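# Structure assessment
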Amino acid sequence: MQNIVAFDIDTTGLDKRKDRIIKFAAKKFKPVTYEVIDEFLTYIKPDTACRMSMSAFYKHGITFQFLEDKPTFGEVAQQIIDFIGDCDILTFNGIHFDIPFLSIELNRYGMEIDFLHRKCYDSLLVERRINTNSLEQT
């Protein structure tokens with residue numbers, strides 16, 4: 001069985017074309033035992049002018065001032081690729097947000113991760129299947 005990388009990103013907003021990743025956090029663990037075998041966390045300074053949406057700021061509290069001395073995405077992109085390696089992926093809302101956002105950001109630098117030929121689990125989709133948020137009694 002493949003190791004699994006659970007990752008999450010924080011961004012300047014929700015627009016994948018205009019907004020940028022400002023934090024990448026990940027843990028690599030063994031399947032079955034869930035033993036954490038590696039961790040990776042980096043804050044990222046946008047290397048192009050962009051705005052911080054108020055909803056994004058309220059969610060993560062990261063400011064451009066805090067990011068001033070952090071590396072740019074181009075400086076950490078290969079580290080992210082190397083950390084993920086050939087592992088399977090676990091995210092929360094990653095199928096619709098984290099994975100496409102990361103793919104687009106990597107493509108800006110001529111890089112990519114092949115998410116199509118590995119298992120990608122999205123715990124939000126599992127939660128929605130289990131809890132339909134319906135007011136109906138079963």
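As the structure is a prediction and not an experimental result, all values here were calculated from the model. (Residues numbered from 1 in each chain as written. Predicted model: local features only at pLDDT ≥ 70, side-chain atom pairs only at ≥ 80, totals over all residues. Heavy atoms only, no water.)

## Points about the packing of aromatic side chains
Enumeration over the complete set of coordinates arrives at eight aromatic pairs. Where Phe7 meets Phe24, the ring centres are 5.4 Å apart and the plane angle is 25°; that geometry is what we call stacked. Of this pair, Phe7 sits in strand S1 (residues 4–11) while Phe24 sits in strand S2 (residues 21–29); the two residues are 17 residues apart in sequence, bridging distant segments of the chain. The same class applies to Phe7 and to Phe24, which are both buried. Seen from their ring centres, Phe29 and Tyr34 are 5.9 Å apart, and the 45° between their planes marks the pair as tilted. (Phe/Tyr/Trp six-rings, centres within 6.5 Å; stacked < 30°, edge-to-face > 60°. Helix = DSSP H or I, 4+ residues; strand = E, 2+ residues; numbered from the N terminus. Buried < 20%, exposed > 50% of the residue type's maximum accessible area, 1.4 Å probe, protein only.)

## Side note on unusual backbone geometry
The phi torsion of most residues other than glycine is negative, and most of the peptide bonds are trans. The residue Tyr34 is not glycine, and still its phi comes out positive at about 60°. Among the secondary structure elements, Tyr34 is positioned in the loop between S2 and strand S3 (36–43). Looking at Tyr34, the relative accessible area reads 56%, which means it is exposed.

## Some points on the side chain of Asp19
Tracing the backbone through its elements, the reader meets Asp19 in the loop between S1 and S2. Within the local environment of Asp19, its side chain forms a polar contact with the backbone nitrogen of Leu14, the two atoms lying 3.2 Å apart. Side chain to side chain, Asp19 and Arg51 meet in a polar contact 3.4 Å long. Residues in contact with Asp19, not counting those within four places in the same chain, are Thr12, Gly13, Leu14, Arg51, Phe101 and Arg108. (Polar contact = N/O pair within 3.5 Å; in protein donor to acceptor, adjacent residues only side chain to side chain. Contact = heavy atoms within 4.5 Å.)

## Overview of the environment of Val32
With respect to the secondary-structure elements, Val32 resides in the loop between S2 and S3. When the C-alpha positions of Val32 and Asn3 are compared, they lie 9.6 Å apart, and in sequence the two are 29 residues distant.

## A closer look at the pairing of S3
One face of the sheet, then the other: side chains in a regular strand alternate in exactly this way. Examined bridge by bridge, S2 and S3 share seven bridges and lie antiparallel to one another. Note that in S3 the partner of Lys23 across the bridge is Tyr43. Counting the residues that bridge the hairpin from S2 to S3 gives six residues, and of these Val32 lies at a positive phi of roughly 75°. (Pairing = 2+ DSSP bridges.)

## Section: the sheet that holds strand S4 (residues 88–91)
What the five strands build is an open sheet, ordered S3-S2-S1-S4-S5; its pairing is mixed. What marks the edges here is a single partner per strand, and that holds for S3 and strand S5 (120–122). In this sheet, neighbouring strand axes are inclined to one another by 20° on average, regardless of whether the strands run parallel or antiparallel. Bridge count for S4 against S5 is three bridges, and the pairing is parallel. In the sheet register, Leu90 faces S5, and the bridge partner there is Tyr121. Across the sheet, helix H5 (residues 123–130) is in contact with S4 and S5; its angle to S5 comes to roughly 50°. (Axes fitted to C-alpha atoms, helices over the stretch in contact; angles between N-to-C directions.)

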